[in-house]
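Observations on the three-dimensional arrangement
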Amino acid sequence: MTEIDTVDKAATDPDRPQPYAELGLKDDEYARIREILGRRPTEAELAMYSVMWSEHCSYKSSKVHWRHWKENTTPEMQAKLLAGIGENAGVVDIGDGWAVTFKVESHNHPSYVEPYQGAATGVGGIVRDILAMGARPLAVMDPLRFGAADHPDTKRVLPGVVAGIGGYGNCLGLPNIGGEVVFDPSYQGNPLVNAMCIGAMRVEDLQLAKASGVGNKVILFGARTGLDGIGGVSVLASESFSDDEDVASRKKLPSVQVGDPFTEKVLIECCMELFAQRLVVGIQDLGGAGLSCATSELASAGEGGMHIELDKVPLRAKGMTPAEVLSSESQERMCAIVRPEDVDAFMRVCQKWDVLATVIGEVTDTGRLVITWHGETVVDVPPRTVAHEGPEYHRPIARPADQDELQADDPAKLPRPSTPEELRETLLRLISSPNLASKEWVTSQYDRYVRGNTVLAQPSDSGMIRIDEETGRGVAASTDCNGRYVKLDPYVGTQLALAEAYRNVATTGATPLAVTNCLNFGSPEDPGVMWQFEQAVKGLAEGCRELGIPVTGGNVSFYNQTGSTAILPTPVVGVLGVIDDVRRRIPTGIGAEPGETLILLGETSDEFGGSEWAHVVHGHLGGRPPQVDLAREKLLAEILVAGSRDGMLSAAHDLSEGGLAQALVEAALIGQTGARIILDEDQDPFVQLFSESAGRVLVAVPRTEELRFTEMCTARGLPWRRIGVVDPESNALEIQDVATFPLDELRQAWEGTLPALFD
Amino acid sequence: MKIGVITFPGTLDDVDAARAARAVEAEAVPLWHADDDLRGVDAVVVPGGFSYGDYLRAGAIARFAPIMQSVVDAARRGMPVLGICNGFQILCEAGLLPGVMLRNVGLHFVCKDQWLRVENTETAWTTRFEPGAEILIPIKNIDGRYTASAETVRELEAEGRVVFRYVEGNPNGSINDIAGICSPDGRVVGLMPHPEHAIDALTGPSDDGLGVFYSVLDATRSLVTA
Amino acid sequence: MARVVVDVIPKPEILDPQGQAIVKALPRLGFTGVRDVRQGKHFELEVDDEVDDATLEKIAEGFLSNPVIEDYVVRRVES
Amino acid sequence: MARVVVDVIPKPEILDPQGQAIVKALPRLGFTGVRDVRQGKHFELEVDDEVDDATLEKIAEGFLSNPVIEDYVVRRVES
Ligand SMILES: Nc1ncnc2c1ncn2[C@@H]1O[C@H](COP(=O)(O)OP(=O)(O)O)[C@@H](O)[C@H]1O
Ligand SMILES: [Mg+2]
């Protein structure tokens, strides 16, 4: 039998050596724990502190940079925020009494080890965060990054990740309404699997993760607790009880969790019913750090005291120690605070859904989190010290020595296509390159219809769902990041990510409201990476201020690197917007109206730093990213929203990677309609077609609205140019003086690439 | 007119089926898997989703639910029953319809807008369609490949019990491009694509699916007057 | 307590794309000589000693497999 | 030609939602006494006689199973 380390025991052998270093704690961190407790920690306490003070849970390397959010959030921006940074997910007021919550999280490393389960449990985790706000999860999105498309390991990782995201999300009944698939060799040994979830609730139904009300019960419900993800903590067990076979074998436990989407679906419905019957005082999901996190966070947000009888936790594995139970990352579990008189009703709802639920403790006024195991105290700590008072590092920051060289390596020197034939070939080559090719192979594995409220999904600029079936109020969301731009200039590159997500939302007719992010970077111990990180946070925070939309939350993922080579810095930015009637949405495909003029909004300059053209044709990364002008982006968004409101736009498509050529091809193929384009004689056709200047959108305007729309643009100072007409009779995209592309040829080039690589 | 919509643990498209029922001005009545009470409904929809996670085999566990016994009894008395996607799988496992759905030949989940031909316009769920009509309806599943013994397929074809057939490409390798079939009396229909997701061009590829729900209004009305 | 294994395998006439995908992939991974693969399901049950063979057959035939498409084999194994 | 069976089963400490769903369902179908079920995969291979045991191990470990979450057993059977 294993011997349990208790608080009493800690008093008797104060100097027992403890494996804190193997648990990832530094000498001074361990000393600090001893100082907080006034004694050595028990094994269970050590397990709790070590997971909660890890980079992943405590944000110890990034926290000091959060001041940028604070300094850049004005009261005006704050006004629409019902919950912000510090909660499970940010919540915004979208009007008519509706609140919407959204958040992105990373599940990068597990998805490399076991692509299917890693990605699946990534979706499961973010959905529980949304659920914990009291919202019904309504849609998911999945920003993904992989190594080179033709690398053999990408053939292992990508299909598994896609099947995992689909397998979990489809089974949960959440439409997938967007995401990204980007290939770059820097992600080879380190794919990025970020998952976003959006949920909604009535404003008054907002839940917070708070253990308030002395005497209220703590109920753990959902799946049983097993040995999932306790990898690190098993050090403890094997140290002390190495003669116990059961326990010794745990050293080799995989840190991969297996998801059970069915259990999560039932858990969602169960929670919705619990919320509707007002049986929940506080609620928290169990994710990273499992019960350690849930109990310490709930306790520190409430009256500050909690007593947990850990032996009550229903287990799936034999002989688990308290430290293991506290650290388990078993999926599909939630923890609720319930008034004693509501416990019976709570249990009845759980029974109806066949959800296992157990009272494991209660809220106290002691100010301490006390955890007992068969009557003996194994944890007795001030909860805030676990949840919020972890270490804070000021990591060294240094602009990389080669940054100047990188920026000086101007793509202007690269040979450019000039003849019509060269331009034609360039266009076909680009639209069939993995990053620009159709992502249908991926997205057709995701259910976009379930729940019947999906108004726009892939391949639209942003996903859009209806929230209120009566009024048609809905939200749109997009996630974006071009890691190459960020590498060239992290400040500007991150603002470009923000600008693009913002523009994508506006392009569908929605008003951008709020921002979330998932900051994927290399090692924080590398001063160059920390410089990228700081620039990115600053760029995003200041950019949000300029646009007047707040950052509501996010997630940081460090140590994304293979050996000492970091990934392209990838701060994924998610923007959420609101539209008061989804029937006004602007679709992407042209040809919806009988006669349409094509107008390009914004200005095009010669900008190829970090461009897809430089990447695909020359394998080149250098120079400066496109310039960003957020005031212009704001004006552009206002024009698009006004155009949607007054029915002046029949289609719109944002220009980004691949430039105008890419946007034209997609708008034509999606709308299954041809068009005739006349380029500006005064500008190099190559620049017009392939430059990646920001702040541009292609719009289709019904002929009857053309004058009204262009006058509005002129009056408000937004540059625009008539570039052609939609031709419903034609099955080709004709770019005058360059080439005529039959839509069939374009379709083959655009749609053939991913199936050829992954089928 | 009351259309019952069953919810099993793991059912997903029950909200959509209920919305479709309301769209044709029927009353949508929620039915719970653990009850055996059909609550006086005139027709039943067994909706899509992943009942019990589809863990053993799609529909294999759900068919043992108490509500299914009542559905089977009612169907034998002529009540119109529609199984969509997972619902179709459940009806097959429950023996109301022959055959079974296997993993798609491409081995992937497939979500796309699919053209179907309505091959039989005399079932309880298809009278509002013109014979041979082609309709655009979403399909979304991973186990959608209809399979049955050669004899059963011959029988289905000979008796005109193939109700919907995939056109412009077979998304899952289904035998004879079969997308949906019916019982000998045409009262029980099962199909893999989702008519309840095609009731409004705002949220679906078309509103072609409405015809399915309008048809059953006629079917139950004629039952009442008969 | 007894241990029972049930193997369920697609009938020979049923197309098994999962098995086929494996056959096709193996040579690409450098494994030659695998002519055919069929993929089925493998269940390991722990049952009380009272559970007799007839019951196990019923579970395998009526629940774990679908006779339209699958064959099954039940065997007791030593624990 | 030889016949080989590979059984792949989730590791004991790994959650097996499929097996759990079956255990929970059985009593509702009137079958009691089944304490635990784990669901895995069953492969039947036909291989050339030259394919040796070491190769079969490699196929089972590196391809038919995922060693992070699954165990496997290879056995040759008479045809
Ligand atoms: N990059 C970021 N920007 C803003 N807020 C962040 C960022 N990263 C984390 N946060 C916030 O810190 C809090 C804790 O984050 P996290 O641990 O991911 O949440 P959870 O514990 O719910 O998984 C959340 O409110 C989150 O929104
Ligand atoms: Mg959380």
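In this report, the structure presented in the accompanying data block is examined. (Residues numbered from 1 in each chain as written. Chains lettered and ligands numbered in written order. Predicted model: local features only at pLDDT ≥ 70, side-chain atom pairs only at ≥ 80, totals over all residues. Heavy atoms only, no water.)

**Here's the deal with the site of ligand 1**
Residue and element names in this part refer to chain A. Cut-off, in case you're wondering: Neighbouring residues are identified by heavy atoms, a residue being near a molecule or strand if any of them is within 4 Å of it. The definition of a polar contact used here is a pair of N or O atoms within 3.5 Å, where within protein one atom must be able to donate a hydrogen and the other to accept one, and adjacent residues in sequence count solely through side-chain atom pairs. In these tables, accessible area is a Shrake-Rupley quantity obtained with a 1.4 Å probe, and a residue counts as shielded only by the protein chains included in the view. Only DSSP runs of H or I reaching four residues or more are called helices, and only runs of E reaching two or more are called strands; each is numbered from the N terminus.
What surrounds ligand 1 is a group of 16 residues, the closest being Tyr-59, Gly-86, Glu-87, Lys-103 and Asn-517. Side-chain polar atom of Tyr-59 to an oxygen atom of ligand 1: 2.7 Å apart, as the coordinates give it. Asn-555 has a polar backbone atom sitting 3.1 Å from a nitrogen atom of ligand 1. When ligand 1 sits alone it has 540 Å² of accessible area, and the protein chains cover 87% of it. Take the shell around ligand 1: its biggest share by element is four residues, from strand E18 (residues 551-557).

**Remarks on the relation of the copies chain D and chain C**
In plain terms, the rule: For this overlay, a least-squares fit was computed on C-alpha atoms, restricted to residues scoring pLDDT of at least 70 in both copies. Whether two residues touch is decided by their heavy atoms; if any such pair falls within 4.5 Å, the residues are in contact.
For the pair chain D and chain C, the superposition axis carries a translation of 0.0 Å, the fit reaches an RMSD of 0.2 Å, and the rotation angle comes to 180°. In the structure described here, the two chain copies are related by an operation that fits a two-fold rotation axis. Rotation axis and chain D: the residue whose C-alpha lies nearest the axis is Lys-41 of chain D, separated from it by 2.1 Å. By residue overlap, the copies meet face to face through one surface: 100% of the interface positions of chain D are interface positions in chain C.

**Structural notes on the sheet that holds strand E26 (residues 720-727) of chain A**
Residue and element names in this part refer to chain A. Just so we agree on the cut-off: Pairing between two strands requires that DSSP report at least two bridges joining them. Each axis is a line fitted through C-alpha atoms, and for a helix only the stretch in contact is used; angles between axes span 0 to 180 degrees, taken between their N-to-C directions.
Ordered in space as E23-E25-E22-E26-E24-E27-E28, the seven strands form an open sheet in which the pairing is mixed. The open sheet is flanked by strand E23 (651-654) and strand E28 (739-742), the only strands paired with a single partner. Looking at each pair of strands side by side, their axes are set apart by 20° on average, direction ignored. As defined by bridge partners, strand E24 (residues 674-677) adjoins strand E27 (residues 732-735) across three bridges and the pair is classed as parallel. Within E27, the position partnered with Arg-676 by the bridge is Glu-734.

**Things to note about the coordination of the magnesium ion (ligand 2)**
Residues and elements named next belong to chain A. Selection criterion: Counted as coordinating are nitrogen, oxygen and sulfur atoms within 2.8 Å of the metal, or 3.2 Å for Na, K and Ca, while water is not included, which may make sites look incomplete. Per-residue accessibility, obtained with a 1.4 Å probe over protein chains only, is compared with the maximum for each type, and a residue is labelled buried under 20%, exposed over 50%, and partly exposed between these values.
Around the magnesium ion (ligand 2), the donor atoms from the protein are Asn-88 (OD1), Asp-129 (OD) and Asp-285 (OD), and they sit 2.0 to 2.8 Å away. Motif for the magnesium ion (ligand 2), donor spacing along one chain: N-x40-D-x155-D. One end of the pair, Asn-88, is in the loop between strand E1 (81-83) and strand E2 (90-95); the other, Asp-129, is in helix H8 (residues 115-131), with 41 residues separating them in the sequence. Neither Asn-88 nor Asp-129 differs from the other in exposure class; each is buried.

**Concerning the interface of chain D and chain C**
For the record, the criterion: Put simply, a salt bridge is a Lys or Arg side-chain nitrogen that is within 4 Å of an Asp or Glu carboxyl oxygen. Residues were grouped as follows: Ala, Val, Leu, Ile, Met, Phe, Trp, Tyr, Cys and Pro as nonpolar; Asp, Glu, Lys and Arg as charged; and all remaining residues, including Gly, as polar.
Every contact between the two is made by 32 residues of chain D and, on the other side, 32 residues of chain C. Here chain D and chain C share four salt bridges between them. A salt bridge links Asp-7 of chain C to Arg-75 of chain D, with the nearest nitrogen and oxygen atoms 4.0 Å apart. For the pair chain D and chain C, the interface holds 14 residue pairs in polar contact (both at pLDDT 80 or more). Elements with a minimum of two residues in the side of chain D that touches chain C: strand E1 (2-10), helix H1 (17-28), strand E2 (34-47) and helix H2 (53-64) of chain D. Among the elements that make up the side of chain D that touches chain C, the one with the highest residue count is E2 of chain D (14 residues). For the side of chain D that touches chain C, a count of residues per class yields 16 nonpolar, six polar and ten charged.

**Structural notes on the packing of helix H24 (residues 630-645) of chain A against helix H27 (residues 706-716) of chain A**
Residue and element names in this part refer to chain A. Stated precisely, the cut-off is as follows: Roughly parallel covers angles under 35 degrees, roughly antiparallel covers those over 145, roughly perpendicular covers 65 to 115, and oblique covers all other angles. A crossing counts as left-handed when the near helix is turned anticlockwise from the far one by less than a right angle, and as right-handed when that turn is clockwise.
Where H24 contacts H27, the axes come no closer than 11 Å and their chain directions differ by 155°. For the element pair H24 / H27, the angle class is roughly antiparallel. H27 is crossed by H24, and the crossing has right-handed handedness. In this structure, H24 uses Leu-635, Glu-638, Ile-639, Ala-642 and Gly-643 to contact H27, whose residues at the interface are Phe-709, Met-712, Cys-713 and Arg-716. Residue composition of the contact of H24 with H27, grouped by class: six nonpolar, one polar and two charged.

**Examining the sheet that holds strand E9 (residues 162-166) of chain B**
All names here are of chain B. Taken in spatial order, the nine strands make up an open sheet running E2-E1-E3-E4-E11-E10-E9-E6-E7, and their pairing is mixed. Each end of this open sheet is capped by a strand with a single partner; those strands are strand E2 (27-32) and strand E7 (134-141). The average undirected angle you get between the axes of adjacent strands in this sheet is 25°. On top of the sheet, helix H1 (residues 14-23) reaches strand E1 (2-7), E2 and strand E3 (43-46); it is set at about 175° to E1, its chief contact. Where helix H2 (residues 66-76) meets the sheet, its contacts fall on E1, E2, E3, strand E4 (81-84) and strand E11 (188-191), and the angle it forms with E1 comes to roughly 145°.

**What to know about the arrangement of the chains**
Contacts between protein chains span five pairs of chains, and they are most numerous for chains C and D. A minimum C-alpha distance of 10 Å separates chain A and chain C, which share no contact.

**Quick word on the interface of chain B and chain A**
Put simply, the test is: When two components associate, each loses some accessible surface as probed by a 1.4 Å sphere; the sum of these losses over both components is called the buried area.
Listed by partner, the interface residues are 28 residues for chain B and 30 residues for chain A. Carbon and sulfur atoms make up 60% of the surface buried where chain B meets chain A, a total of about 2,300 Å² over both sides. Per-residue buried area on chain B facing chain A is highest for Cys-111, Leu-202 and Thr-203 of chain B; these three make up 26% of the total on that side. Remark: the boundary between chain B and chain A carries three salt bridges. The partner of Asp-113 of chain B in a salt bridge is Arg-448 of chain A, and the shortest N-O contact between them spans 4.0 Å. Inspection of the chain B/chain A interface yields eleven residue pairs in polar contact (both at pLDDT 80 or more). Going through the elements one at a time, H1, strand E6 (110-118) and E7 of chain B are the ones with two or more residues in the side of chain B that touches chain A.

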